[in-house]
Amino acid sequence: MFKKILIANRGEIACRIARTCRKLGVAVAGVHSSVDADSLHVRTIGESYLIGGGAASDSYLKIDVVIAAAKTAGAEAIHPGFGFLAENAEFARAVEAAGLVFIGPTPEVIERLGDKASAKREAETAGVPTVPGSQMPSEDVAAVAGIVKQLGLPAMLKAAAGGGGKGMRAVSKTDGLEGEIEAAMREAKNSFGSAGLIVEKLVECGRHIEVQIAGDGKGNVIHLFERECSLQRRHQKLIEEAPAANLPVPLRERMTDDATRLGKRLNYRGVGTVEFIVSGDNYYFLEVNPRLQVEHPVTEMVTGIDIVEQMLRIAAGEGLPFEQDDIACAGHAVEARICAEDAADNFMPCTGDLAYVSFPSADVRVETGVESGSSVSPYYDSMLAKLISNAKTRNEALDQLSHALGDTSIFGITTNQGFLARLIALPETRNATFHTRLIDEQIDQLVEKTDGPDVKASAIGAYFWLMQQRPLAASNPWQTRETPRGRWRPAATDYRRFRCCIWKPQAPARRSGLRRSKPTAT
């Protein structure tokens, strides 16, 4: 096992990787941008190196600076987490060229899977069913439009070089087709540096099911069962669960067999996810994510396997510690992603300071990179935390997650907590009859429209603001945060600035010949 690694990421995933490293006795170092200097992941890891400015292109995406930080830290390996450089073959190759270990697949496998078109060809060669559509990416608007018309509507435009829902457009009519293609290409170019698109037949009202795999790089590949990821908006997952509900056993076995067969063909090293779209009894290959997934905790909860630990052991040359028959799936786990966004304002991202943050302390797993006082910048993903419930049955897990959302308090910016709670309560969610278009279809009842500010939230916010203005102890009894025994207490730090104060009766004073007077409002 490694003695020390560098975590080339930020936020909750950096904190989560560090936790497993410490469990294994592996020392960790981290990196941070200038705007992340006071962030939770920097304090959690302890040893962290400044690598540039706030924009990811000026910091977390700078390959040479990240590798230099690893060498300065004396790290033997680099864990990329997810996002940023996690699926960058150039980075993986540079890490190895520097004499370090990349904790993930080989650069060659990342290249073969990093482009959706080439990944699709790999799947077809392995005998995995794929969605009908184009085989090669194109940056020619007219050529892409011709493929759409030839394939027939509805169709899906996909950025060949990326994922995460960016550069994707569902097309259901030919009017404005060229504009949709141009928009998808612009987003693909801005997000991944390549405007190339592929076109596939759109599977409407399908289910998004993915299979977690792990391989030792020598042809041995196993699966850790599947996850349900159908509850998504704009191709971004919001609720994930394991195992998938109402999935016929024969269908599950065919999908897991195909996922492991594809992994074996690639001599896959590390952990990865093979994603499928399911329609009735049929399923089709979507892509492979050659990295750790955001939703990996639900698989950990039902299998009892620490996926990050397996990544470290495989990268250290220890191989797979178990065989397929050793892995069992027990109970049910559900994950909700709390994001800094305003559902009532078309899910616009929200930034600012978090005045107060409190997560449940029991009955749910919390993965987060924020705390009270943290700042949410516009530079990175809007996810603040993940809540993961785990119970014997699916209904119990959903109830547990619903309660956990209610017990979570985040003040200072708007989040999607209420939206998630309503999504969990939907009949289609509870009985697992959902599909990837459900949120779009039910958006009116999922988004709470308000005519004005939330009075309760404003009152609580005012209280915390007042408490922050007061020192814990002050020589002036009217300005202390504490309530002195036997004294009257005004409602503000400087009572002269307010028109009223709170009058709070106290116990009668002892007879001393003195008379206590009640403060007068000014």
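Just so we're clear, the structure is a prediction, and the values are computed from it rather than from any experiment.

Cut-offs used in this document
Residues numbered from 1 in each chain as written. Predicted model: local features only at pLDDT ≥ 70, side-chain atom pairs only at ≥ 80, totals over all residues. Heavy atoms only, no water. Pairing = 2+ DSSP bridges. Helix = DSSP H or I, 4+ residues; strand = E, 2+ residues; numbered from the N terminus. Axes fitted to C-alpha atoms, helices over the stretch in contact; angles between N-to-C directions. Contact = heavy atoms within 4.5 Å. Salt bridge = Lys/Arg side-chain N within 4 Å of Asp/Glu carboxyl O. Buried < 20%, exposed > 50% of the residue type's maximum accessible area, 1.4 Å probe, protein only. Parallel < 35°, antiparallel > 145°, perpendicular 65-115°, else oblique. Nonpolar A, V, L, I, M, F, W, Y, C, P; charged D, E, K, R; others polar. Expected span 1.5 Å × (residues − 1). Core = buried A, V, L, I, M, F, W, Y, C linked by side-chain atoms within 4.5 Å.

Participant: Which residues make up the sheet that holds strand β8 (residues 197–201), and what values do they have?
Facilitator: Here three strands make up an open sheet; going across it, the order is β7-β6-β8 and the pairing antiparallel. In this open sheet, the two edge strands, each paired with only one partner strand, are β7 (169–171) and β8. Between one strand and the next, the sheet's axes are offset by a mean angle of 25°, whatever the strand orientation. Bridge count for strand β6 (residues 155–159) against β7 is three bridges, and the pairing is antiparallel. Within β7, the position partnered with Leu 157 by the bridge is Arg 169. Strands β6 and β8 of the sheet are contacted by helix α7 (residues 141–151), whose axis makes an angle of about 10° with β8.

Participant: With reference to specific residues and values, describe the pattern of salt bridges.
Facilitator: For the structure on display, the rule yields 36 salt bridges. One salt bridge connects Glu 108 with Arg 93, and the closest N-O pair in it is separated by 3.8 Å. Placement of the pair is Glu 108 in helix α5 (residues 107–114) and Arg 93 in helix α4 (residues 89–97), with a sequence separation of 15 residues. Given a relative accessible area of 44%, Glu 108 falls into the partly exposed group. Across the salt bridge formed by Lys 237 and Glu 295, the nearest N and O atoms sit 2.9 Å from each other. With a gap of 58 residues between them, Lys 237 in strand β11 (residues 236–242) and Glu 295 in the loop between β13 (282–289) and α10 (296–303) connect regions that are remote in the sequence. With respect to burial, Lys 237 and Glu 295 carry one shared label: buried. A single salt-bridge network, built from bridges that share partners, covers Arg 16, Arg 19, Lys 23, Glu 300, Asp 306, Glu 309, Arg 313, Glu 318, Arg 365 and Glu 367.

Participant: Residue-level account of the packing of α5 against helix α6 (residues 116–125), with values.
Facilitator: Running from N to C, α5 and α6 point in directions that differ by 100°, and their axes come no closer than 5 Å. With respect to each other, α5 and α6 are oriented roughly perpendicular. Where α5 abuts α6, its residues Glu 111, Arg 112, Leu 113 and Gly 114 lie against Lys 116, Ser 118, Ala 119 and Glu 122. Of the residues assigned to the contact of α5 with α6, the class counts are two nonpolar, two polar and four charged.

Participant: Describe helix α1 (residues 11–24), with residues and values.
Facilitator: Along an α-helix, residues three or four positions apart point the same way, because every turn accommodates 3.6 residues. Between its first and last C-alpha atoms α1 spans 21 Å; for 14 residues at 1.5 Å apiece the expected length is 20 Å, and the two agree. Here α1 lies mainly inside the structure; 10 of its 14 residues are buried. Restricting attention to buried positions, one finds in α1 the residues Gly 11, Glu 12, Ile 13, Ala 14, Cys 15, Arg 16, Ile 17, Ala 18, Thr 20 and Cys 21.

Participant: If you had to explain the environment of Phe 192 to someone new, which residues and values would you point to?
Facilitator: Along the chain, the position of Phe 192 falls in helix α8 (residues 177–192). On the basis of relative accessible area, Phe 192 is assigned to the partly exposed category, the value being 29%. If we skip the residues at most four places from it in the chain, Phe 192 touches Ala 159, Ala 161, Gly 162, Gly 163 and Lys 166.

Participant: Could you give an account of the pairing of strand β10 (residues 221–233), naming the residues involved and the relevant values?
Facilitator: Burial runs high along β10: 13 of the 13 residues are buried. For strand β9 (residues 207–216) and β10, the ladder comprises six bridges, and the chain directions are antiparallel. Bridge pairing in β10 links Val 211 to Glu 226. Taking the residues between adjacent antiparallel strands as the criterion, β9 and β10 are bridged by four residues, where Gly 217 takes a positive phi near 85°. Of the pairings in the sheet, the one linking β10 to β11 comprises four bridges and is antiparallel in character.

Participant: I'd like a description of the nonpolar core, backed by residues and values.
Facilitator: Ile 239, Leu 387, Phe 419 and Leu 423 are the most contacted members of the largest nonpolar core, which totals 39 residues. Secondary-structure elements contributing two or more residues to this core are β11, β14 (332–339), β21 (383–391), α12 (394–406), α13 (417–425) and α15 (438–441). Per element, the largest residue contribution to this core is five residues, and it comes from α12. Excluding anything up to four places from it in sequence, Leu 423 contacts Leu 231, Ile 239, Thr 429, Ile 439 and Leu 446. Core analysis: the second largest hydrophobic core is formed by 33 residues, Ile 5, Leu 292, Ile 307 and Phe 322 among them.

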